[in-house]
Amino acid sequence: MALDSAKKQEIISKFARGEKDTGSTEVQVALLTERIAQLTEHLKVNKKDHSSRLGLLKLVGQRRRLMRYLKKVDITRWHAIKDALGIRN
């Protein structure tokens, strides 16, 4: 269920803060959001896949923690990433 490298590079280039930025909070949140969307679609088809459901919940928790950190550090960046990805509070 991992992202293919082309899609990953596209997301990184879109949300990177610098030329060689691959690990900023915005990039991590964007990558997690894409994986969450893929897992959500998978679980719509495979309703009994409980191990993937557990993985989805872990990803959502990780994204929530990153968003909480970003809100605490820089609220303007938090608003920008939230609006760009369509994440609710």
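Residues numbered from 1 in each chain as written. Predicted model: local features only at pLDDT ≥ 70, side-chain atom pairs only at ≥ 80, totals over all residues. Heavy atoms only, no water.

1. Regarding the overall build of the protein chain
Stated precisely, the cut-off is as follows: Numbering of helices and strands runs from the N terminus, with a helix taken as a DSSP run of H or I at least four residues long and a strand as a DSSP run of E at least two residues long. In what follows, a contact means two residues having at least one pair of non-hydrogen atoms within 4.5 Å. The Shrake-Rupley method, run with a 1.4 Å probe sphere, supplies the accessible areas, and residue values consider only the shown protein chains as cover. Only four residue types enter the charge count: Lys and Arg as positive, Asp and Glu as negative, with His and the chain ends excluded. Taken as the charge centre is NZ of Lys, CZ of Arg, CG of Asp or CD of Glu, depending on the residue.
Broken down by element type, the protein chain carries four helices and zero strands. Reading the secondary structure of the protein chain in the N-to-C direction produces α-α-α-α. Expressed as lengths along the three principal axes of its C-alpha atoms, the size of the protein chain is roughly 40 × 30 × 20 Å. Within the protein chain, counting contacts between residues at least 6 apart in sequence, those at least 24 apart form 49% of the total. Surface exposure of the protein chain reaches about 6200 Å², of which carbon and sulfur atoms provide 52%. For the protein chain, the centre of its 20 positive side-chain charges and the centre of its 10 negative side-chain charges are spaced 9 Å apart.

2. Considerations on the layout of surface pockets
The line we're drawing: Residues are called lining when one of their atoms sits within 4 Å of a cavity or pocket point, these points coming from a 1 Å grid over the protein atoms alone, where a cavity is a set in which a 1.4 Å probe fits but cannot get out and a pocket is an open set with protein on both sides within 12 Å along at least five of seven lines. Grid points are joined across faces, edges and corners, and a volume is the space filled by probe spheres set on the points. Residue polarity is assigned by list, with Asp, Glu, Lys and Arg as charged and Ala, Val, Leu, Ile, Met, Phe, Trp, Tyr, Cys and Pro as nonpolar; anything else, Gly included, falls into the polar class.
There is about 330 Å³ of room inside the largest pocket. The wall of the largest pocket is formed by V60, R63, R64, M67, R68, K71, W78, K82, G86, I87, R88 and N89. Of all the elements in the fold, those that place two or more residues in the lining of the largest pocket are α3 (50-73) and α4 (75-85). Counted by class, the lining of the largest pocket contains four nonpolar, two polar and six charged residues.

3. Quick word on the pattern of salt bridges
Using the following cut-off: Note on definitions: salt bridges are taken to be side-chain nitrogens of Lys or Arg within 4 Å of carboxyl oxygens of Asp or Glu. Think of it in three bands: with a 1.4 Å probe and only protein chains considered, a residue is buried below 20% of the maximum accessible area for its type, exposed above 50%, and partly exposed in between.
Under the criterion given, the structure shown has two salt bridges. Here R77 and E26 are joined by a salt bridge, their closest N and O atoms 2.5 Å apart. Residue R77 is located in helix α4, and its partner E26 is located in helix α2 (residues 25-45); the two are separated by 51 residues in the primary sequence. Both residues of the pair, R77 and E26, count as buried. Notably, a salt bridge pairs K44 with E41, separated by 3.3 Å at the nearest N-O pair. A residue pair is termed a helical-turn pair when its members lie 3 or 4 positions apart in one helix, as K44 and E41 do in helix α2 at three residues. Accessibility expressed as a relative area gives 49% for K44, which makes it partly exposed.

4. A short note on the packing of aromatic side chains
Here is the rule we go by: To pair, rings of Phe, Tyr and Trp, with the six-membered ring standing in for Trp, must have centres within 6.5 Å; the planes then decide the type, stacked if under 30 degrees apart, edge-to-face if over 60, and tilted in the middle. The criterion is that NZ of a Lys, or CZ of an Arg, lies within 6 Å of the ring centre and within 35 degrees of the ring normal, and then a charge sits over that ring.
Evaluated as defined, the whole model comprises zero aromatic pairs. The ring of W78 has K71 lying over it, and the distance from NZ or CZ to the ring centre is 4.7 Å.

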